[in-house]
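Below are the chains, spelled out letter by letter.
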Amino acid sequence: FGRLIDLLNYQHLLKWMRFNFLYMSERPRPWAEQAAEFYLNRITAQVKFSEARVTPIKRTKNSVLEVVRAEEWSKLEEKMSPGALLVLLDERGQQLDSKGLSSKVESWQLMGRDVYFIIAGADGVNEAVRNKADFLLGLSRMTLPHELARVLFLEQFYRAWTILNNHPYHRV
């Protein structure tokens, strides 16, 4: 009986919370759009998940890096709901295998808060923003172009979700 109560509470959390993915990028190229759409269609068929592209600030030769970072973060923050859990995709973040990401996704779900996965602008974020993130997630030690990082993240989120739901997509 206790297991049934846990399951009902879990279902209640899922009803209200959602996963969100914000990424800062110029207009993506067709190959990246096609690959991202492939995984987005699979994800959104199973979970409350939204994605939004945010256009970066135009830079000039006189642009001040810290100001650009702050303005870009402001644009991203406008799209976030208050009290949400913030997962910043950062090359210096913790690198997880697919099962590790799956465990994290499950634990974030159980918190019942909306989750925002963020790929910031080309110049990253200010240290203050990095410090307020709930989790720093590294996709690779290598620097990836935003389009590739987006596709890689979407595939890994889909894989994490399939692991949680015992779907045969992940076969290891």
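Per-chain numbering applies: the sequence of each chain, read as written, is numbered from 1 onward. Side-chain atom pairs in this predicted model are given and counted only at pLDDT of 80 or more, local residue features only at pLDDT of at least 70, and totals for whole chains, interfaces and linings cover all residues. Calculation of side-chain values draws on the structure's entire complement of heavy atoms; hydrogens and water are dropped beforehand.

**Description of the overall build of the protein**
Numbering of helices and strands runs from the N terminus, with a helix taken as a DSSP run of H or I at least four residues long and a strand as a DSSP run of E at least two residues long. Along its length, the protein carries six helices and five strands. Beginning at the N terminus, the succession of helices and strands in the protein can be written as α-β-α-β-α-β-α-β-α-β-α. Expressed as lengths along the three principal axes of its C-alpha atoms, the size of the protein is roughly 65 × 35 × 25 Å. Scored against the burial criterion, the 172 residues of the protein give a buried share of 41%. Note on classification: 1.4 Å probe, protein chains only; a residue is buried when its accessible area is under 20% of the maximum for its type, exposed when over 50%, partly exposed between these limits.

**Looking at the side chain of Glu155**
Locating Glu155 in the fold gives a position in helix α6 (residues 146–164). Contacts were defined at the residue level, with two residues in contact if any of their heavy atoms lie within 4.5 Å. When near neighbours in sequence (up to four residues on either side) are disregarded, Glu155 contacts Tyr39 and Tyr169.

**Considering the environment of Glu155**
For Glu155, a relative accessible area of 11% puts it in the buried group. For the pair formed by Glu155 and Val54, sequence separation is 101 residues and the distance between their alpha carbons is 20 Å.

**A look at the nonpolar core**
Phe19, Phe49, Phe117, Phe153, Leu154 and Phe157 are the most contacted members of the largest nonpolar core, which totals 29 residues. For this core, the elements supplying multiple residues, two or more each, are β1 (19–24), α2 (30–44), β3 (85–95), α4 (98–111), β4 (115–119), β5 (135–138) and α6. If one sorts the elements of this core by residue count, α6 sits on top with eight residues. When sequence neighbours within four positions are dropped, the list of residues in contact with Leu154 reads Phe21, Ala36, Tyr39, Leu40, Ile43, Phe49 and Glu51. We call a set of buried Ala, Val, Leu, Ile, Met, Phe, Trp, Tyr and Cys residues a nonpolar core when their side-chain atoms join them within 4.5 Å. Core analysis: the second largest hydrophobic core is formed by 15 residues, Val54, Ala84, Tyr116 and Ala133 among them.

**Quick look at the environment of Met142**
When you line up the elements, Met142 lands in the loop between β5 and α6. Residues Met142 and Arg92, 50 residues apart in the sequence, show an inter-C-alpha distance of 9.6 Å.

**Observations concerning the packing of aromatic side chains**
Centre distance and the angle of the planes are the two values used to describe a pair of aromatic rings. Ring pairs shown here join Phe, Tyr and Trp side chains whose ring centres sit within 6.5 Å, with only the six-membered ring taken for Trp; geometry is labelled stacked below 30 degrees between planes, edge-to-face above 60, and tilted in between. For the structure on display, the rule yields 14 aromatic pairs. Seen from their ring centres, Phe38 and Tyr39 are 4.9 Å apart, and the 85° between their planes marks the pair as edge-to-face. Their ring planes at 70° and their centres at 4.8 Å tell us that Tyr158 and Tyr169 sit as a pair that is edge-to-face. Of the two residues, Tyr158 is situated in helix α6 and Tyr169 in the segment after α6; the sequence distance between them amounts to eleven residues. According to the relative accessible area criterion, Tyr158 is buried, its value standing at 4%.

**Regarding the pairing of β3**
With four bridges connecting them, β3 and β4 associate as parallel partners. Within β4, the position partnered with Leu85 by the bridge is Val115. For crossovers, right-handed means that the path from the first strand over the helix to the second runs clockwise, given strands pointing away from the viewer. At this point the chain moves from β3, through α4, to the parallel β4, and the crossover so formed is right-handed. Any two strands with at least two DSSP bridges between them are considered paired. In this sheet, β5 lies alongside β3 in parallel orientation, the contact comprising five bridges. By the bridge assignment, Gln94 is partnered in β5 with Leu137.

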